[in-house]
Amino acid sequence: MIRENLLEVEEKIRLACERSERNPDEVTLIAVSKTKPMEMIEEAIACGKREFGENKAQEMKEKCDSLPEDIKWHFIGHLQTNKVKYVVGRAYLIHSVDSYHLAEVIEAESVKKDVISHILIEVNVAQEESKFGLKTDETLSLVEKVAKLPHIRIDGLMTIAPFVENAQNNRSVFRELRKLSVDIKEKNIDNVSMNVLSMGMTNDYEVAIEEGATYVRVGTAIFGERDYGKL
Ligand SMILES: *Cc1c(COP(=O)(O)O)cnc(C)c1O
C-alpha cells in the first residue's frame, strides 16, 4: 500500500510541477511518519524514500537512532526548549523555529555538539490562534536576530496552512509565504539563504507546489490516517 501511495503522490507532484513549469528536482517530498511504526517507515525506505518528518522530539530520536544513518529527519512539530537536545545533531532541518529564545537554545546545543543547525522560521500566515508561528510582519526582525547566532543557518520559511475543504482556498496563504521569503532574500543577510519553502500537506500540497513550495510534508496520503488513540 505504501509503495502505491508514494507513487501516486510523486506523480501528482510531477504533474503540479508541469502545470507551474517547475523542475521536479526543486520539490522534495517529506514523508511525515509521526505516530507510525518503524515497519511502515522501513517499507517506505525500501521504496527509496530517504526524507521523513516527525513532530515529537523523543519519537524522532528513537526512530533516528534505530534506522539507517543516511536518512534525513525533518523536525516539523512545535519544539519545546527542554527537548532541543534530542533534535540538534539528529535533524537534517528544523522547520519550526518561531522565537529567539528557542533559537538561542538550539545555538547552545549546537555549540555543545559542535554542529551547524539548519532551520526554517515558522510563519503563521493565516494568523490562526490555534497555531504556532510568527506573524508575517514579525518575521524579518526575527530572521535578522537569529542570523547572528553563529551555529545556525536559516534556510527559509515554513507555514502550516488552515484546514480547508477546498485546497484552492490556501493558495493566497502559500503565495504570501513565498512573497515574504523573496522580500527577505533581497536583504542578503549573512547566514540566511531563503531558498527553502516548506508548505503543503496531504490536502493542499499540489497548490503549494504551484505557488513555489520546495518541501511538501505529506503524511496521510502516504501512510494512511493516524490513530492518536493508540498512543
Ligand atoms: C502532521 C503534519 C503534516 C502531515 O499532515 P497530513 O495531512 O497527514 O499530510 C505536515 N506538516 C506538519 C507540521 C504536521 O504536523
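Everything numeric in this text was worked out from a predicted model, so none of it was measured.

1. Observations concerning the overall build of the protein chain
For the protein chain, the count of helices and strands is nine helices and eight strands. Relative to the 2.2 N^0.38 estimate, which gives 17 Å for 231 residues, the radius of gyration of the protein chain is 17 Å and therefore close to what a compact globule would have. Across its three principal directions, the C-alpha atoms of the protein chain cover 45 × 40 × 35 Å. Relative to its full complement of 231 residues, the protein chain shows a buried share of 50%.

2. Examining the packing of aromatic side chains
Enumeration over the complete set of coordinates arrives at one aromatic pair. The aromatic ring of Y100 is capped on one face by K145, whose charged end is 4.3 Å from the ring centroid.

3. Focus: the pairing of strand 6 (residues 152-158)
Counted residue by residue, strand 6 has six buried out of seven residues, so it is predominantly covered. At this point the chain moves from strand 5 (residues 117-122), through helix 6 (residues 139-146), to the parallel strand 6, and the crossover so formed is right-handed. Where strand 6 lies against strand 7 (residues 192-198), four bridges are found, and the strand directions are parallel. In the sheet register, M158 faces strand 7, and the bridge partner there is S198. On the question of chirality, the crossover connecting strand 6 to the parallel strand 7 by way of helix 7 (residues 171-185) is right-handed.

4. What to know about the site of the ligand
Every residue lining the ligand is accounted for by V32, K34, I76, I160, M201, T202, R217, V218, G219, T220 and R226. Within the side chain of R217, a nitrogen or oxygen atom sits 2.8 Å from a nitrogen atom of the ligand. Note that an oxygen atom of the ligand is positioned 2.8 Å from one of the side-chain N or O atoms of R226. Contact with the protein chains removes 91% of the 390 Å² of surface that the ligand exposes when unbound. The residue inventory of the shell around the ligand, partitioned by class, reads five nonpolar, three polar and three charged.

5. Here's the deal with the side chain of S117
In this structure, S117 sits in strand 5. Residue S117 is classed as buried on the basis of its relative accessible area, which comes to 6%. Ignoring sequence-local partners within four residues, the contact set of S117 consists of V88, I106, S110, H151, I152 and R153.

6. Side note on the environment of T159
By the element assignment, T159 lies in the loop between strand 6 and helix 7. In this structure the C-alpha to C-alpha distance between T159 and L134, which are 25 residues apart in sequence, comes to 9.5 Å. Among residues more than four places away in sequence, those in contact with T159 are V123, N124, V125, V173, F174, L177, S198, M199 and R217.

7. Thoughts on helix 2 (residues 38-46)
Given 3.6 residues per helical turn, the α-helix brings residues three or four places apart onto the same face. Buried within helix 2 we find M40, I41, A44 and I45. Mapping the buried residues of helix 2 onto a view down its axis gives an arc of 145°, with all of them on the same face. Across helix 2 from its buried face, at more than 90 degrees, point the exposed residues E39 and A46. Its buried side turned inward, helix 2 meets helix 1 (2-19), strand 2 (51-54), helix 3 (57-66), strand 3 (72-75) and helix 9 (220-223). A positive backbone phi angle near 100° is found at G48, which sits one or two residues after helix 2.

Conventions adopted
Residues numbered from 1 in each chain as written. Predicted model: local features only at pLDDT ≥ 70, side-chain atom pairs only at ≥ 80, totals over all residues. Heavy atoms only, no water. Helix = DSSP H or I, 4+ residues; strand = E, 2+ residues; numbered from the N terminus. Rg over C-alpha atoms; globule rule 2.2 N^0.38 Å. Buried < 20%, exposed > 50% of the residue type's maximum accessible area, 1.4 Å probe, protein only. Phe/Tyr/Trp six-rings, centres within 6.5 Å; stacked < 30°, edge-to-face > 60°. Lys NZ or Arg CZ within 6 Å of the ring centre and 35° of its normal. Right-handed = clockwise from strand over helix to strand, strands pointing away. Pairing = 2+ DSSP bridges. Near = heavy atom within 4 Å. Polar contact = N/O pair within 3.5 Å; in protein donor to acceptor, adjacent residues only side chain to side chain. Areas by Shrake-Rupley, 256 points an atom, 1.4 Å probe, with all protein chains shown as cover. Nonpolar A, V, L, I, M, F, W, Y, C, P; charged D, E, K, R; others polar. Contact = heavy atoms within 4.5 Å. Arc of directions from axis to C-beta.

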